Amino acid sequence: MATQVTNQRTITPKQEPAIATLNFYPNRDARRRTFALWYFGVLMIVLNVLGHTVLGFEQAWITPFIAVCSACAAQLVLELVDCWANGRKPRIGNDLFGVITFFLPAMITGFACGMLLFPNEKLIPVVFAAVLSIASKLLFRAPVGNRTQHFFNPSNFGITITLLLFPFVGMSPPYHFTENVTGVWDWVVPGVILFTGILIHGFCTGRLPLVLAWLGGFVIQAVARHLIFGVPLLVPLVPMTSAAFILFTLYMIPDPATTPIKVRGQIAFGMAVALIYGFSQAMHMVFGLFLVLTFVSLVRGVALTIMAAHSRNSELEAIPESAAKRASQAGVAQ
C-alpha cells in the first residue's frame, strides 16, 4: 500500500487519525479540516450579521446568540462526559486558537439551527434543536476503522426532529435570505454563497462530485415528475434558483464528516438524496429536504454498521485457518 506522506500533518493510510472525522477528508489532512471549519465559521457569522441587519432574516435578533450558546454548552458538557466515560483527555485546545477551533463545529451547528428554523416568538425549540444536534454526534455513531463516527448531519438531524415534534415551528421562508435587497444584489448574494461554497469544497473537502450528483439528480427528479404527473417543468426546477437551495446544496448535504469520501460513494449519496426527495414531493410530504437527508444518512449509518460487522466476522473466521496453515507448514518443515 502506497504511503502518502506529504508533510507532518498528513496521516498515512496505516495510521489512525487523531479524530475519526479526518478519515473523511482528502489525505486525512488535518489542515484541510481546520481551514474548512474556520471558513464555514466565519461565513456563518458574516451571513447571520448581514441577515439580521441587511438581508431581512425573520427571526428575532437574539435567536442566533441563544442557538450558538446552547450548542457550545452542549458540546462542552458532552465532551467532558465522554472524557470521563472513556478515560481520555479533553480535546479542547491549549491556546485561544485551539479553544475556538474546538467550539467551531458547535458554532456552525448553532448558527444553522437559528437561521433555518422559524419558531415564531419562541426560543425553546431553537435551544432544543441546537442541543439535540450536538447530542446526535454521540448518540448515533457507526464503526469507522477502529473507531466510530457520527453519521447524521448534526444540524439537519436537530432541525428535522424539531420540525416533527413542534407543530408550530416551521422552516425559515426562503425569501428572507434576499428580502431587503433588490436589483443586482438579488444575483450577488446567491452568487457569493455559490462561489464560496464551490471554493471550499474544491480545495478542502473534496465533495464537489457529491454536489454535482445532487444537482444532476434534482434535475432528473424534476423531469420525471414532469413526465409522470404532468407538472410544468419549471415548477420543480424553480427551487434551484433560491439562496436557500444553494445553502442546502453547498453547506448542508456535503458535510465531510457525514458523507462518503470515495467518488462513487459521493455520487450514490447525492443521487439518493435527490431521487428520494422527488418521491417525497410526489407524496406531498412537507420538509422534504431535511427529512430525506436524515433518511439517507440513517441508511448509510446502518450500512456502515453491517459492513463493519461482516468484516469483523470474516477476520475471526480467518484466524483459525491461518493458525492451521502455520501449524501445517511447521509440520512439513520438521
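Since we're looking at a predicted model, the values are computed, not measured.

(A) Representation of the nonpolar core. Counting 58 residues, the largest nonpolar core has Ile159, Trp214, Phe248, Ile253 and Val273 as its most contacted members. The greatest single-element share of this core, amounting to ten residues, is contributed by helix α3 (residues 96–116). Ignoring any residue separated from it by four or fewer positions in sequence, one finds Trp214 in contact with Phe245, Phe248, Thr249, Ile253, Gly270, Val273, Ala274 and Leu289. Membership of the second largest hydrophobic core comes to six residues, among which are Ala142, Phe152, Phe157 and Leu304.

(B) Region of the structure containing a nonpolar patch on the surface. Taken together, the side chains of Val219, Val223, Leu227, Ile228, Phe229 and Leu233 make up a nonpolar region of the molecular surface, amounting to roughly 560 Å² of accessible area. Following the sequence through the fold, Leu227 ends up in helix α7 (residues 208–229). Using a relative accessible area of 65% as the deciding quantity, one classes Leu227 as exposed.

(C) Spotlight on the side chain of Ser280. Along the chain, Ser280 turns up in helix α10 (residues 263–282). According to the relative accessible area criterion, Ser280 is buried, its value standing at 2%. Side chain to side chain, Ser280 and Gln281 meet in a polar contact 3.4 Å long. Ignoring anything within four residues of it in the chain, the contact list for Ser280 reads Met285, Gly288 and Val292.

(D) Structural context of the confidence of the model for the chain. For the chain, mean pLDDT is 86; residues scoring 70 or higher make up 90% of the total. Here residues 1–13 is a poorly scored stretch, pLDDT under 50, and it has 22 contacts once near neighbours within four places are set aside; other chains count.

(E) Representation of helix α4 (residues 124–139). The terminal C-alpha atoms of α4, which comprises 16 residues, lie 21 Å apart, in line with the 22 Å expected from a rise of 1.5 Å per residue. Residues of α4 that are buried include every one of Pro125, Val126, Ala129, Ala130, Leu132, Ser133, Ile134, Ala135, Ser136 and Lys137, and no others.

(F) Inspection of the layout of surface pockets at higher detail. One number sums up the size of the second largest pocket: a volume of about 790 Å³. Phe24, Pro260, Arg300, Leu304 and Met307 are the residues nearest the centre of the second largest pocket, which is lined by 23 residues in total. For the lining of the second largest pocket, the secondary structure elements donating two or more residues are β2 (141–144), α10 and α11 (288–333). Broken down by class, the residue content of the lining of the second largest pocket amounts to 15 nonpolar, three polar and five charged.

Reading the values: rules and limits
- Residues numbered from 1 in each chain as written.
- Predicted model: local features only at pLDDT ≥ 70, side-chain atom pairs only at ≥ 80, totals over all residues.
- Heavy atoms only, no water.
- Core = buried A, V, L, I, M, F, W, Y, C linked by side-chain atoms within 4.5 Å.
- Buried < 20%, exposed > 50% of the residue type's maximum accessible area, 1.4 Å probe, protein only.
- Helix = DSSP H or I, 4+ residues; strand = E, 2+ residues; numbered from the N terminus.
- Contact = heavy atoms within 4.5 Å.
- Patch = residues over 30% accessible without salt bridge, like charges linked within 9 Å, V, L, I, M, F, W, Y side chains within 5 Å.
- Areas by Shrake-Rupley, 256 points an atom, 1.4 Å probe, with all protein chains shown as cover.
- Salt bridge = Lys/Arg side-chain N within 4 Å of Asp/Glu carboxyl O.
- Polar contact = N/O pair within 3.5 Å; in protein donor to acceptor, adjacent residues only side chain to side chain.
- pLDDT = per-residue confidence, 0-100.
- Expected span 1.5 Å × (residues − 1).
- 1 Å grid on protein atoms, 1.4 Å probe; cavity = no way out; pocket = protein on both sides within 12 Å on 5 of 7 lines; lining within 4 Å.
- Points joined across faces, edges and corners; volume = space filled by probe spheres on them.
- Nonpolar A, V, L, I, M, F, W, Y, C, P; charged D, E, K, R; others polar.

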